[in-house]
Amino acid sequence: MAKVTFREDRCKGCGHCIAVCPVKIIEFDEKLNLKGYHPAIVKEENMGKCLGCASCARMCPDLVITVEK
Amino acid sequence: MDSRIRVFTGHFGSGKTEIAINYALKLKNEGKKVAIADLDIVNPYFCTRDETKMLEEKGIRVIATSKDFANAELGVIPAETLSIFNDKSYDVVLDVGGDDQGAVALGQYNRYFKEEDYDMYFVINTSRPFTNSVEGILEYIKDIEAASRLKVKYLINNTNLSYETHINHILKGQDIIKEVSKLTKIPIKYVIVMEELIDKLPKEIEGEVFPIKLYMLPPWRRDMV
Amino acid sequence: MAEKVLMKGNEAIGEAAIQAGCQCFFGYPITPQTEVAAYMSRRMPKIGRVFLQAESEVAAINMVYGAAGSGVRVMTSSSSPGVSLKQEGISYIAGAELPCVIINIVRGGPGLGGIQPAQSDYFQATKGGGHGDYRLVVYAPSSVQEMVDLIQDAFDVADIYRNPVMVMGDGMLGQMMEPVEFKEREAKQLPSKADWAATGLHGRKEHHVINSLFLQPEELEKHNEKLQKKYAEIEKNEVKYEMYNCDGDLDIVLVSYGTVSRICKNVIKMLAKEGLKVGLIRPITLWPFPKKAFEEVVDRTKYGFLSVELSCGQMVEDIELSVKGRKPVNFFGRSGGMVPSPTEIANKVKEIAGGAR
Amino acid sequence: MAVVFEPTKGLLDVPTHYCPGCTHGIIHRLVAESLEELGVIDKTIGVAPVGCSVLAYNYFACDMHEAAHGRAPAVATGIKRSLPDSVVFTYQGDGDLAAIGTAEIVHAAARGEKITTIFVNNCIYGMTGGQMAPTTLPGQVTETSPYGRDVKLQGHPIRVSEMLSTLDGAVYVERVSVDSVANVLKAKKAIKKAFELQIEGKGFTFVEVLSICPTNWGLSPRESIKWLQDNMIPYYPLGVKKDITQQEVK
């Protein structure tokens, strides 16, 4: 049981997190954030697959992600 | 008996150059054939080479970096210096740059100093900050002997405070230098004094009183003399 | 009273800085100021302070920048070409409003110039030198004793205004030996550095940033206005000058700083014998320039002013700005490392006075 | 649930100016985390360069000092010598460190200055808009090498880590990369070790980090990562170039 939280308004939409997620549950949101990006998110229904490995957070240049397990 | 080659060393700013110039003039007055060599690689101005004209007019041979290069900061020794070791008809005065950094320039002539006796003088001004104590002076003697690979034979008391020199400065310096002399067994050969103070010196002072005239004066003091 | 010692100007600079509490010295050898570094290298380690020979003047001044930002008293020393190299760092230090002391023992220029005494750095010292609207306080002592006294002032003034201060001497002053006394000075009440120095947080909430970059034009302009206000304060409070033989009616007033001013004093004595009444204004601060000294004598001076310099008239413009066209401003100088004799200067004075008659 | 990963306190909670995907953000975080974990944020002074990371002083939570282009190691020297108990780092790009500041970095290393330098190498000048850097690869097109860097005309790239590792004053020199999670972890280890050795007073420590510049390379962040892996790593091999603690063990 793990959980990732995205501070969506800090996200610049670079996609590094999406590329490194081992279970491929991160995707760009259809909505735009305050800056006009499609921020990275994990949909509620996919959160169960999260391993809590924090790969996404480690590749994020913008301190968007917090990971709990 | 004095040696033909006199080497003036000492702490930077101790007054070697003035003494060397005055000493060369004294030798000349005694009728000798005199050469003075400026081996000062430390100071950019106020050097023997600045007085070349005056010395040559008096018939003294000056060995110094040519005027063309004197301001090039090359810190080089004139090649002619060797001639003073080879041509033994000269009485020679060597004006060496201050401290061990200046004395190191003597090292290259070590071979000649081994072959021929020399008198190395160590000039002391106890109004200078690093040579105001027995310990300070001993340290400089040690460093300069090591750098030059030569031995100090005589001490010179050149204690002064430039245009503010009082007789008490010289006497206080004399006390310190006497202590150095006692510890090192190196005798005090000269006490340097400006002519106007000669009469104030006590008669029984150790060493010969050597009156000097100053040459290394800034322009505003030259014209006012 | 402390006992007098005989010191070379350059050594006295080192000792004066040490006594003023200079914690760090960063330098690079260049004639004719190398003895400053030599003196510091001998003394500083023995009293637990920092001496470091940098790889260049550029590095040295940036080390000063770092140390000044850390809140310690710091000094560097160089000569004209080296000071040119330091200008980048000096501009940053002025921009970041940090205190430090810069010694400049001037030689001839431009380019490599020559090592003999000169005053060829008047422009680079007083008109900025580096980029940007900034000023250095510039002291120009004329004796070894005055140099010692002014270095102690320099550290205080640097701290009070958070501004770099230059003490500028010609090579003669650096190389000559004179008796000096290191006077006991009353410790001044100086502003604390705790509210700006980057020393590590040590529990402080706000992080301190030493910086001269302002991204918004409005912010930079505001910063420049603040600097200008500070410079106006300095102009009001820190002007120093000497007026010599300036009483009564005067034929000519010489204007001269540094060691040349000592020659000028001889000239004044010489000319007095010939019936000419000559005064001397000796700026001790080159910036701020002692404009008010000219107000005192301009109306009493018959033939005007003569700037006597070891440069090609770099000070003349400042004198003209002070005299405001009310009297002629003449110039006599030697450059290339040549020092004028009293007779040369006296002849020039007589030429001006005679020509006007 | 326990927190596995959260933003470090070594960085202030402000968004950075860096382009999307720029790995400066990762490298900032690794430095800040190291300082936080070593408990030294309170006595650290960082020196920011001129270059894309010129505004680094706005992001690090410690005291900061901005330096002129290339002069960070000299500024850091001044700071460390006046405050010897502090932790001092410079954060410099390839133009700053390997061109205009070559003398300063070489001599800081040679003196064994007890500082840590984080050297961000992305083969290009970012701040001024994509000109050739000393580290630009042979054949690489930049604004000022429009026909590709011709080593016959423009000289060869400098492998700074290898160069500095020849100096006795440098005690730890490693080249790392932030192109993958595994390499980010290695980079973190290297940076933290560099600070540890500084704190132990061992000497000059240096970590070169291969980084990307999507904007000036004209590639997407993902393409940039691949370009780094395919082109930079072969020319700039990763790994420890010097480690006196290892030599001591031997």
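Residues numbered from 1 in each chain as written. Chains lettered and ligands numbered in written order. Predicted model: local features only at pLDDT ≥ 70, side-chain atom pairs only at ≥ 80, totals over all residues. Heavy atoms only, no water.

Thoughts on empty space enclosed by the protein
So, step 1. Enumeration over the complete set of coordinates arrives at five cavities of 30 Å³ or more.
So, step 2. Each pocket or cavity is described by its volume, and for the largest cavity that value is around 660 Å³.
So, step 3. Lining the largest cavity are 40 residues, and of these Gly13, Gly15, Glu18 and Met216 of chain B together with Met177 of chain C lie nearest its centre.
So, step 4. Among the elements of the structure, α1 (16-29), β7 (188-194) and α8 (219-222) of chain B together with β1 (5-8) and β9 (177-180) of chain C are those that each provide at least two residues to the lining of the largest cavity. (1 Å grid on protein atoms, 1.4 Å probe; cavity = no way out; pocket = protein on both sides within 12 Å on 5 of 7 lines; lining within 4 Å. Points joined across faces, edges and corners; volume = space filled by probe spheres on them. Helix = DSSP H or I, 4+ residues; strand = E, 2+ residues; numbered from the N terminus.)

Let's talk about the packing of helix α3 (residues 57-69) of chain C against helix α4 (residues 80-95) of chain C
Residue and element names in this part refer to chain C.
So, step 1. Two elements in contact, α3 and α4, have axes separated by 8 Å at closest approach and are oriented at 25°. One way to sum up the angle between α3 and α4 is to call them roughly parallel. At the point where α3 passes α4, the crossing takes the right-handed sense. Contact with α3, carried on its side by Glu57, Val58, Ala60, Ile61, Asn62, Val64 and Tyr65, involves Gly82, Leu85, Lys86, Glu88, Gly89, Ile90, Tyr92 and Ile93 of α4 and no other residues of that element.
So, step 2. Residues that form the contact of α3 with α4 fall into these classes: nine nonpolar, three polar and three charged. (Axes fitted to C-alpha atoms, helices over the stretch in contact; angles between N-to-C directions. Parallel < 35°, antiparallel > 145°, perpendicular 65-115°, else oblique. Left-handed = near helix turned anticlockwise from the far one by under 90°. Contact = heavy atoms within 4.5 Å. Nonpolar A, V, L, I, M, F, W, Y, C, P; charged D, E, K, R; others polar.)

Some thoughts on the UniProt feature "domain: Thiamine pyrophosphate enzyme TPP-binding" (unreviewed entry) in chain D
So, step 1. Annotation from UniProt places "domain: Thiamine pyrophosphate enzyme TPP-binding" (unreviewed entry) at residues 58-209 of chain D.
So, step 2. Measuring from the first to the last C-alpha atom of residues 58-209 of chain D gives 21 Å, for a span that is 36% helix and 23% strand. (UniProt positions renumbered as here; feature names shortened; annotations may be inferred.)

Describing the pairing of strand β5 (residues 118-124) of chain B
Each regular strand carries side chains that alternate between the two faces of the sheet.
Residues and elements named next belong to chain B.
So, step 1. With seven of seven residues buried, β5 lies mostly within the body of the structure.
So, step 2. Every second residue of β5 is oriented toward a common face, with Tyr118, Met120, Phe122 and Ile124 on one face and Asp119, Tyr121 and Val123 on the other, all of them buried.
So, step 3. By the bridge criterion, six bridges tie strand β1 (residues 5-10) to β5 in an arrangement that is parallel. If you follow Gly10 over to β5, its bridge partner there is Val123.
So, step 4. As paired elements, β5 and strand β6 (residues 154-157) share four bridges and run parallel to each other. For Tyr121, the partnering residue across the bridge sits in β6 and is Tyr154.
So, step 5. For the crossover that starts at β5, traverses helix α6 (residues 134-148) and ends in the parallel β6, the hand is right-handed. (Buried < 20%, exposed > 50% of the residue type's maximum accessible area, 1.4 Å probe, protein only. Pairing = 2+ DSSP bridges. Right-handed = clockwise from strand over helix to strand, strands pointing away.)

Considering the interface of chain C and chain D
So, step 1. With 33 residues of chain C in contact, the opposing surface of chain D contributes 33 residues.
So, step 2. Together chain C and chain D conceal approximately 2,500 Å² of surface at their shared face, both sides included; 60% is due to carbon and sulfur atoms.
So, step 3. When the area that chain C buries against chain D is broken down by residue, the three leading residues are Glu55, Leu201 and His207 of chain C, summing to 21%.
So, step 4. Summed over the shared surface of chain C and chain D, the result is three salt bridges.
So, step 5. Of the charged contacts in the structure, one is a salt bridge between Glu88 of chain C and Arg71 of chain D, with a shortest N-O distance of 2.9 Å.
So, step 6. Inspection of the region where chain C meets chain D yields 16 residue pairs in polar contact (both at pLDDT 80 or more).
So, step 7. Elements represented by at least two residues in the side of chain C that touches chain D include exactly β2 (24-27), β3 (50-53), α3, α4 and β10 (209-210) of chain C.
So, step 8. Along the lines of polarity and charge, the residues of the side of chain C that touches chain D split into 19 nonpolar, 11 polar and three charged. (Buried area = accessible area lost by both parts, 1.4 Å probe. Salt bridge = Lys/Arg side-chain N within 4 Å of Asp/Glu carboxyl O. Polar contact = N/O pair within 3.5 Å; in protein donor to acceptor, adjacent residues only side chain to side chain.)

Regarding the confidence of the model for chain D
So, step 1. Of all residues in chain D, 99% attain a pLDDT of 70 or more, and the chain-wide mean is 96.
So, step 2. Interface predicted TM-score (ipTM) for the complex: 0.91; the corresponding pTM is 0.94. (pLDDT = per-residue confidence, 0-100.)

A short note on the pattern of salt bridges
So, step 1. Applying the stated criterion to the full structure yields 57 salt bridges over all chains.
So, step 2. As a salt-bridge pair, Arg73 of chain C and Asp159 of chain C come within 2.9 Å of each other at their nearest N and O atoms. One end of the pair, Arg73 of chain C, is in the loop between α3 and β4 (74-78); the other, Asp159 of chain C, is in helix α6 (residues 144-161), with 86 residues separating them in the sequence. As far as burial versus exposure is concerned, Arg73 of chain C and Asp159 of chain C are alike and both buried.
So, step 3. Residue Glu242 of chain C is joined to Lys265 of chain C by a salt bridge in which the shortest nitrogen-to-oxygen separation is 3.0 Å. With Glu242 of chain C in strand β11 (residues 241-244) and Lys265 of chain C in helix α9 (residues 260-273), this pair connects stretches of sequence that are 23 residues apart.
So, step 4. Here the salt bridges share partners, and the residues they tie into one network are Arg29, Glu33, Glu37, Lys188 and Lys192 of chain D.

Focus on the interface of chain C and chain B
So, step 1. Each partner contributes to the interface: chain C provides 33 residues, whereas chain B provides 30 residues.
So, step 2. Between chain C and chain B the total buried area reaches about 2,900 Å² when both faces are included, carbon and sulfur atoms providing 60% of it.
So, step 3. Taken as a group, Leu6, Arg42 and Ile115 of chain C account for 23% of the area that chain C buries against chain B, more than any other trio of residues on that side.
So, step 4. Where chain C meets chain B, there are three salt bridges.
So, step 5. A salt bridge links Glu11 of chain C to Arg128 of chain B; its shortest N-O distance comes to 2.5 Å.
So, step 6. Linking chain C with chain B are eight residue pairs in polar contact (both at pLDDT 80 or more), by the criterion used here.
So, step 7. Elements supplying a minimum of two residues to the side of chain C that touches chain B: β1, α2 (34-43), β6 (114-117), α7 (171-175), β9, α9 and α12 (342-356) of chain C.
So, step 8. Of the residues in the side of chain C that touches chain B, the class split is 14 nonpolar, seven polar and 12 charged.

Topic: the sheet that holds strand β3 (residues 61-63) of chain B
All names here are of chain B.
So, step 1. Within the open sheet, the eight strands sit side by side as β3-β2-β4-β1-β5-β6-β7-β8. Their pairing is parallel. Here the strands that pair on one side only, and so sit at the sheet edges, are β3 and β8 (208-212). Put simply, the sheet's adjacent strands are angled 25° from each other on average, direction ignored.
So, step 2. Relative to strand β4 (residues 91-96), α1 is tilted by about 170°, and along the sheet it contacts β1, β2 (34-39), β4, β5, β6, β7 and β8.

Observations regarding the sheet that holds strand β13 (residues 278-283) of chain C
All names here are of chain C.
So, step 1. Ordered in space as β11-β13-β12-β15-β16, the five strands form an open sheet in which the pairing is mixed. In the strand order of this sheet, the two ends are held by β11 and β16 (329-333), each with one partner. Averaged over all pairs of adjacent strands, the angle between strand axes in this sheet comes to 20°, irrespective of strand direction.

What about the side chain of Glu104 of chain D?
So, step 1. Secondary-structure assignment places Glu104 of chain D in helix α4 (residues 102-110).
So, step 2. Separated by 3.2 Å, the side chains of Glu104 of chain D and Arg71 of chain D make a polar contact.
So, step 3. Each residue touching Glu104 of chain D, except ones within four places of it in the same chain, is listed here: Glu55, Val58 and Ala59 of chain C together with Gly70, Arg71, Pro73 and Ala74 of chain D.

Topic: the arrangement of the chains
So, step 1. Once contacts are tallied for each of the three pairs of chains in contact, the highest total is for chains C and D.
So, step 2. Separated in space, chain A and chain B share no contact, their closest pair of C-alpha atoms being 55 Å apart.
So, step 3. One finds no contact linking chain B with chain D; the least C-alpha distance across the pair is 23 Å.

Here's the deal with the environment of Val134 of chain B
Residues and elements named next belong to chain B.
So, step 1. Along the chain, the position of Val134 falls in helix α6.
So, step 2. Between the C-alpha atoms of Val134 and Asp175, which are 41 residues apart in sequence, the distance is 9.8 Å.
So, step 3. When neighbours within four sequence positions are excluded, Val134 is seen to be in contact with Ile176, Glu179, Val180 and Leu183.

Topic: the side chain of Thr159 of chain B
All names here are of chain B.
So, step 1. Looking at the element boundaries, Thr159 is found in the loop between β6 and α7 (167-184).
So, step 2. By relative accessible area, Thr159 is classed as buried at 1%.
So, step 3. Within polar-contact distance, the side chain of Thr159 engages the side chain of Asn157 at 2.7 Å.
So, step 4. If we skip the residues at most four places from it in the chain, Thr159 touches Ile124, Asn125, Thr126, Ser127, Thr165, His169, Ile170, Gly173 and Ile177.

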